[in-house]
Amino acid sequence: MTDVEKAILRDVLLHSPALFYTSLTAPTGRPIDPFKHQFQSLYHAMVSHPVRMLIADEIGLGKTVQALAIARYLELQRGARKILVLVPKILREQWKMEIKRVGGVPWVIHSGGEVRNVLNAVRNAGRGYVVVSIDLAKRPPHREEFLGVNWDLVIIDEAHNVTLGTQRFDFVRELIGKGWNRLNVLLLSATPHRGNPKDYLARISLLDPTLTPLYPRLDDPHFYGKTHGTLVLRRTKKTVNELEGREVFKKCDFNAVVVEITEAERLFFRELQNVLFEMIKNSRENSPEALLAVLLRKRAASSYGAALKTISKIAESANTERKGRAEKVSKYIQSLFGLGYDEMELEEFNEIDDAVEKIIEEYSPFLDEGQKAALRKILRLGERIGERDSKLEMVAGVVAYHLKKGEKVIVFTEFKDTLDYLTKRLPKVLAEKHRIHLSREDISFLHGGMSSNDIEEGMARFEKRGKLLISTDVASEGLNLQVASVLINYEAPWSPIKLEQRVGRIWRLSQPRETTAYTFFLAAETDLYVLENLYQKIMNIADALGSGPKLGRPIFGQRMLSGDFEHLWKEEPVEGTFEREKPSEYELVLASIKRELSGYAGAIINTLKSLRQNIEKVVPPDTADQVRKGLESILSPRDFDSNFIYEVLEGYLEIVLKKPSVPEIRPLLYRILENGKDVETPLRIGVNKKVGEYRLYSIRLVDSESGEELHRYPVLVKTGKSGIKKVFYGTELLMEITKILSNEHLILGPLRRDDPNGIHIEGKLMTLARDRFYNIKSKYRDYDTQLRRKLRKRPLFKETKILVKELVRIEGITEGRFAILKHVPQGLIELYGLGENDIEIPTKEYENIVERNFVPLKDILESEQRAMGIVMELERRRLEQEYGLNGDWKVEDVSLREHYDIKVTEPENERYIEVKGHKPLILTAEITSAEYEFARAHRDRYWLYIVANLGKNRPVILKVFRPFEDKRKIYAVLEDGREVDVTTEVTVHTREKTRRVISLK
């Protein structure tokens, strides 16, 4: 009977926001640990139609997992099949891995040439997750291809990049508008408000196209309040820590390390600074010369390898006659120097280095002869530095310290050229100076030019047995790298948001250790200027010696400044800084070359402060109490304890489903959710113990217009004289079912709806559903009904109603009655009017004889002979009634010469009948291989009769037409000769042994 018990478990797993996460991980995927704040977004998605949600959690709170949990629910419950994931190019591989982790089928589009083939493949397959760069999808002619697909769900990651007045925005608006009343849409962003209310409201209008396009009317606390908890959800690390009742996000230390350098290095940077200053002092901010100077400054701050390669390339390209268009400079600046890595537009390039080469090729000819000569001099100075690289040696010392402590380390760089430089030199320095020899298995590399498979293999190797990962930002942006606890910024990020994004890759959910981040500055005038005029003015960092570092933690470099990353950014500008609009990374680098950086610190602090204030104004984060209170509507108290949930699930699998104990149950749960079926026909279950009566109901939330089921919630009711005695749901439901069904039990038959008490119970459950399980719907109704008419054209969310249906009734029965019902369905007993004294129960010995062999015992032979006589008489009566006493028909015993027992000849037909008889009431027939082959060959003329209970002279006779076919028919023959169709009253099990055994129960 495991199909019913599986269906009950599947129903609870699928529709409980807490238990759904236990079955989310595919059998081959890395386990997904559930967190309570993630239940909230899934709960909202379960009850809304269409799903329209901006998940605006802080960095590191698992927005991708939440989106995929919602996608999986929509797949399993509402039939979502075609899912489009629009991402920055650098996030494609991360999404591919996460989709596979939940068992989805990802189709990643890497280039325009793949668009049509992939979309056609998804159409033909009828399902799939299509992952594509939004900058590729927005461009003609690909745009029209994507608009031509009827998507069920669209997910947009880093949605703050979909800004008003851009191709991205216009494409997304048309995509969503095409299916506004049925399309599900998820926007993901840690920084949804970038300081422009109109831009933020435009993104909200993507979720709700019914809103007025007059955005100033929406810029109002009343409207923002209505979107909170309906269209927008935001949680913080503090919320998560309080919800979980523990320090989920452990401390993250940030360290700025000053590295002493050689005279050759100091001379290189001093002369480079002079050359760059000369290049830009008389140039416009967006001139080719200024762009080249900024790139050189960034490349030099990264590594000597990157710097020398760039200078050499400029020297070569400067001699060509071909010049790029100066007006394209602004486009390059916008594409490469955003606040965050996700804002970079690199659709045409694998890495930033490729864009740098393109810029050098186009704009080096703008340099004059004096500038070219100065750069060639810098090239010679760089070559004199030789093998001594002070920053590399200091980084190696930090890496060695942490590797010896058993910690995994990640080194991030912005440039592929620096990655190549580190790949060649860092392992060598570790071996020579620290006696750490890294094998090929110990070290992994990630960069934008790698294939999807190579990235997956590199990540898997690092996670399982790796020690060191060197990666570019393009390759690793968005990757969940919490397997490591130490992060090294090989070059200092210029943007605070970029620094947060890097640190957020290790300081995130499921990080079990305290984390440490390092950024390195050379003791050269250029780096120290940035440290003193930018980092120290915007960060709460102080000298590690003076701040009392943790016992045993060394101080690296000439000087080390440290701070707590959670409180890293200063709240107010320091004296002497000035306010201006949010500065770009390009402006900051340019200002550092001009020695005008100090004034920008206030602008950066104001930018960060403004971002925080704007987000908190329009999207105040939910507190832990608010999240918990909302979830208490649908979850039982025990559902908040993940460890307890797993204990209950293990018990259910082992006791109810008879699954052997395994170390990891998530693969089993995933398969039940993926392949299981619902309880299609309401039924009754009998338990061999006095357990009272329980009723399992399905409370269903359906679309009022179409009747589509959006969500259903299984509820177990223990009944009493006055109706409901107690209600169980979630984990408590599974606990109670496990306790009940740990006793011997069986299906009694279909459930008859003739109970007047049922109406009373269903009414109480309707009230419970409205006031508790689905009270969250009131928020969505308020959003649709209470917004002033001038703010919207029509409601967004579809009206719903609640229905209640009883699925299973469980009742305790006496031992004697249970022994009978093990062999005969309750419906048949009632049909034949049999009492307990009218039934002969098969002994264990008799069951063993039937099960194991065909010893011709006296009872069996006598039963077969009596059964033959009864069936032959029944057939004679049927034929007499149909053709008359003297008609052209014959009934003959052919059991000694054929592979069946009775041959019935009719005027235009023949019947071949197999007969099985039993003294006790047991509805089983064993068929030899020859008999089985004959039955299959003559299926349209073959009948099986089972005659049982002959020992009590109250025979139970069942006749089965096509017994070995799925579309069989079963009839009960009563004493008066009437035949009653009982096909739906009994279940049929066929087992293959030396002979085949067919049992009807």
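As the structure is a prediction and not an experimental result, all values here were calculated from the model.

**Some remarks on the overall build of the protein**
Phase 1 of the analysis: When helices and strands are counted, the protein shows 38 helices and 31 strands.
Phase 2 of the analysis: When the 1001 residues of the protein are sorted by exposure, 59% land in the buried category.
Phase 3 of the analysis: Taking contacts inside the protein between residues at least 6 apart in sequence as the whole, the part at least 24 apart equals 76%.
Phase 4 of the analysis: For the protein, the accessible area works out to roughly 40,800 Å², and carbon and sulfur atoms hold 47% of it.
Phase 5 of the analysis: Measuring between centres, the 158 positive side-chain charges of the protein sit 2 Å from its 149 negative side-chain charges.

**What to know about the packing of aromatic side chains**
How two aromatic rings sit relative to each other is set out by the distance from centre to centre and by the angle between their planes.
Phase 1 of the analysis: The final tally for this structure, using the stated rule, is 27 aromatic pairs.
Phase 2 of the analysis: Taken together, a centroid distance of 5.8 Å and an interplanar angle of 80° make the contact between Phe268 and Tyr304 edge-to-face. Taken together, the residues Phe268 in helix H14 (residues 263–280) and Tyr304 in helix H16 (residues 304–317) connect sequence positions 36 residues apart.
Phase 3 of the analysis: Residues Tyr401 and Phe556 carry aromatic rings whose centres are separated by 5.7 Å and whose planes lie at 70° to one another, so their mutual orientation is edge-to-face. Placement of Tyr401 in helix H20 (residues 390–404) and of Phe556 in the loop between strand S14 (542–543) and strand S15 (559–564) is noted, with a sequence separation of 155 residues between them.
Phase 4 of the analysis: Take Phe556: its relative accessible area is 10%, and that puts it in the buried class.
Phase 5 of the analysis: One aromatic cluster in this structure is built from Phe249, Phe254, Trp507 and Phe565.
Phase 6 of the analysis: The ring of Phe249 is capped by Lys237, whose NZ or CZ atom sits 5.5 Å from the centre of that ring.

**Structural notes on the nonpolar core**
Phase 1 of the analysis: Core analysis: the biggest nonpolar cluster contains 151 residues, and Leu9, Leu86, Trp95, Phe146 and Trp151 have the highest contact counts within it.
Phase 2 of the analysis: Residues from two domains meet in this core; each of domain 1 (36–244) and domain 3 (660–813) gives at least three.
Phase 3 of the analysis: For Phe146, the contacting residues outside a window of four places in its chain are Leu84, Ile109, Val115, Leu119, Val130, Val132, Ala137, Trp151, Phe171 and Leu175.
Phase 4 of the analysis: Among the nonpolar cores identified, the runner-up in size contains 126 residues, and Val275, Ile280, Ala307 and Leu608 belong to it.

**Quick look at the side chain of Asp901**
Phase 1 of the analysis: With respect to the element layout, Asp901 can be found in the loop between strand S22 (890–893) and strand S23 (902–906).
Phase 2 of the analysis: Of the side chains with opposite charge, Lys916 comes closest to the buried, unpaired Asp901, at an N-O distance of 5.4 Å.
Phase 3 of the analysis: Those residues in contact with Asp901 that sit more than four places away from it in its chain are Met868, Glu892, Asp893, Val894, Ser895, Ile913, Glu914 and Val915.

**Regarding the sheet that holds strand S2 (residues 82–87)**
Phase 1 of the analysis: Across the sheet, which stays open at both edges, the 7 strands sit in the order S3-S4-S2-S5-S6-S1-S7 with parallel pairing between neighbours. Each of the sheet's edge strands pairs with one partner strand only, and the pair in question is strand S3 (106–109) and strand S7 (232–233).
Phase 2 of the analysis: Taken together, the 2 bridges between strand S1 (residues 52–55) and S7 define a ladder with parallel strand orientation. Within S7, the position partnered with Leu54 by the bridge is Val232.
Phase 3 of the analysis: Packed onto the sheet, helix H4 (residues 63–78) meets S1, S2, strand S4 (128–133), strand S5 (153–156) and strand S6 (184–188) and runs at close to 170° relative to S6.
Phase 4 of the analysis: Contacts from helix H9 (residues 167–178) reach S1, S2, S5 and S6, with the element oriented near 165° to S2.

**As for a negative patch on the surface**
Phase 1 of the analysis: On the surface, Asp641, Glu647, Glu650 and Glu654 cluster together into a negatively charged patch.
Phase 2 of the analysis: Here Glu647 lies in helix H29 (residues 642–656).

**Description of the environment of Ile841**
Phase 1 of the analysis: With respect to the helices, strands and loops of the structure, Ile841 is situated in the loop between helix H35 (826–832) and helix H36 (844–852).
Phase 2 of the analysis: For the pair Ile841 and Ala819, spaced 22 residues apart in sequence, the C-alpha to C-alpha distance is 7.2 Å.
Phase 3 of the analysis: Sequence-distant contacts of Ile841, that is, excluding residues within four places in its chain, are made with Gly816, Ala819, Ile820 and Pro920.

**Let's talk about unusual backbone geometry**
Among all residues save glycine, negative phi is the norm, and among peptide bonds the norm is trans.
Phase 1 of the analysis: A cis amide bond, omega 0°, links His49 with the succeeding residue Pro50.
Phase 2 of the analysis: Of note, Pro50 is situated in the loop between helix H3 (36–47) and S1.
Phase 3 of the analysis: At the junction of Pro140 and Pro141, the peptide bond is cis and its omega measures out at 0° in the coordinates.
Phase 4 of the analysis: Even without being a glycine, Asn953 presents a positive backbone phi close to 60°.
Phase 5 of the analysis: Its place among the elements puts Asn953 in the loop between strand S26 (942–948) and strand S27 (956–961).

**With respect to the UniProt feature "domain: Helicase ATP-binding" (unreviewed entry) in the protein**
Phase 1 of the analysis: The UniProt entry lists residues 44–210 under the feature "domain: Helicase ATP-binding" (unreviewed entry), expressed in the numbering used here.
Phase 2 of the analysis: Helix makes up 44% of residues 44–210 and strand 17%, with an end-to-end C-alpha separation of 20 Å.

**Some points on the packing of H14 against helix H19 (residues 369–385)**
Phase 1 of the analysis: Where H14 contacts H19, the two axes come as close as 9 Å, and the packing angle between them is 165°. Judged on the interaxial angle alone, H19 and H14 are roughly antiparallel. In the packing of H14 onto H19, the handedness of the crossing is left-handed. Contacts from Ala264, Glu265, Leu267, Phe268, Glu271, Leu272, Val275 and Met279 of H14 reach H19 at Gln371, Ala374, Leu375, Lys377, Ile378, Leu381, Gly382 and Ile385.
Phase 2 of the analysis: Its residues assigned to classes, the contact of H14 with H19 comprises 11 nonpolar, 2 polar and 3 charged.

**Points about the pairing of strand S24 (residues 909–917)**
Phase 1 of the analysis: Along S24, 7 of the 9 residues are buried, which leaves the element largely enclosed by surrounding structure.
Phase 2 of the analysis: As defined by bridge partners, S23 adjoins S24 across 5 bridges and the pair is classed as antiparallel. Each residue of the ladder has a partner; that of Val904, found in S24, is Arg911.
Phase 3 of the analysis: Taking the residues that link successive antiparallel strands as the turn, the S23-S24 hairpin has 2 residues.
Phase 4 of the analysis: As judged from the 6 bridges shared by S24 and S26, these two strands associate in the parallel manner. The residue of S26 that forms the bridge with Lys916 is Ile946.

**Quick look at the sheet that holds S26**
Phase 1 of the analysis: Spatial ordering of the open sheet is given by S22-S23-S24-S26-S27-S28-S29, a layout of 7 strands whose pairing is mixed. Since the sheet does not close on itself, it has two edges, and those belong to S22 and strand S29 (979–981), each with one partner. Between one strand and the next, the sheet's axes are offset by a mean angle of 25°, whatever the strand orientation.
Phase 2 of the analysis: Here S27 pairs with strand S28 (residues 969–973) via 5 bridges, running antiparallel. Bridge assignment links Lys959 to a residue of S28, and that residue is Tyr971.
Phase 3 of the analysis: Running at roughly 150° to S24, helix H37 (residues 858–883) makes contact with S22, S23, S24, S26, S27 and S28 of the sheet.

**Things to note about helix H13 (residues 237–244)**
Phase 1 of the analysis: With respect to burial, H13 is a largely interior element, 6 of its 8 residues being buried.
Phase 2 of the analysis: Among the residues making up H13, those that are buried are Lys237, Thr239, Val240, Asn241, Leu243 and Glu244.
Phase 3 of the analysis: Once H13 finishes, Gly245 follows within two positions and takes phi at roughly 70°, a positive value.

**Topic: the packing of H3 against H4**
Phase 1 of the analysis: Orientation of H3 relative to H4, taken along the N-to-C sense of each, is 35°, at an axis distance of 10 Å. Crossing hand, H3 versus H4: right-handed. Contacts between H3 and H4 involve His37, Gln38, Ser41, Leu42, Ala45, Met46 and Val47 from the first element and Val65, Gln66, Ala69, Ile70, Tyr73 and Arg78 from the second.
Phase 2 of the analysis: For the contact of H3 with H4, a count of residues per class yields 8 nonpolar, 4 polar and 1 charged.

About the criteria used
Residues numbered from 1 in each chain as written. Predicted model: local features only at pLDDT ≥ 70, side-chain atom pairs only at ≥ 80, totals over all residues. Heavy atoms only, no water. Helix = DSSP H or I, 4+ residues; strand = E, 2+ residues; numbered from the N terminus. Buried < 20%, exposed > 50% of the residue type's maximum accessible area, 1.4 Å probe, protein only. Contact = heavy atoms within 4.5 Å. Areas by Shrake-Rupley, 256 points an atom, 1.4 Å probe, with all protein chains shown as cover. Lys, Arg positive; Asp, Glu negative; His and termini not counted. Charge placed at Lys NZ, Arg CZ, Asp CG, Glu CD. Phe/Tyr/Trp six-rings, centres within 6.5 Å; stacked < 30°, edge-to-face > 60°. Lys NZ or Arg CZ within 6 Å of the ring centre and 35° of its normal. Core = buried A, V, L, I, M, F, W, Y, C linked by side-chain atoms within 4.5 Å. Domains from an automatic or database assignment. Salt bridge = Lys/Arg side-chain N within 4 Å of Asp/Glu carboxyl O. Pairing = 2+ DSSP bridges. Axes fitted to C-alpha atoms, helices over the stretch in contact; angles between N-to-C directions. Patch = residues over 30% accessible without salt bridge, like charges linked within 9 Å, V, L, I, M, F, W, Y side chains within 5 Å. UniProt positions renumbered as here; feature names shortened; annotations may be inferred. Parallel < 35°, antiparallel > 145°, perpendicular 65-115°, else oblique. Left-handed = near helix turned anticlockwise from the far one by under 90°. Nonpolar A, V, L, I, M, F, W, Y, C, P; charged D, E, K, R; others polar.

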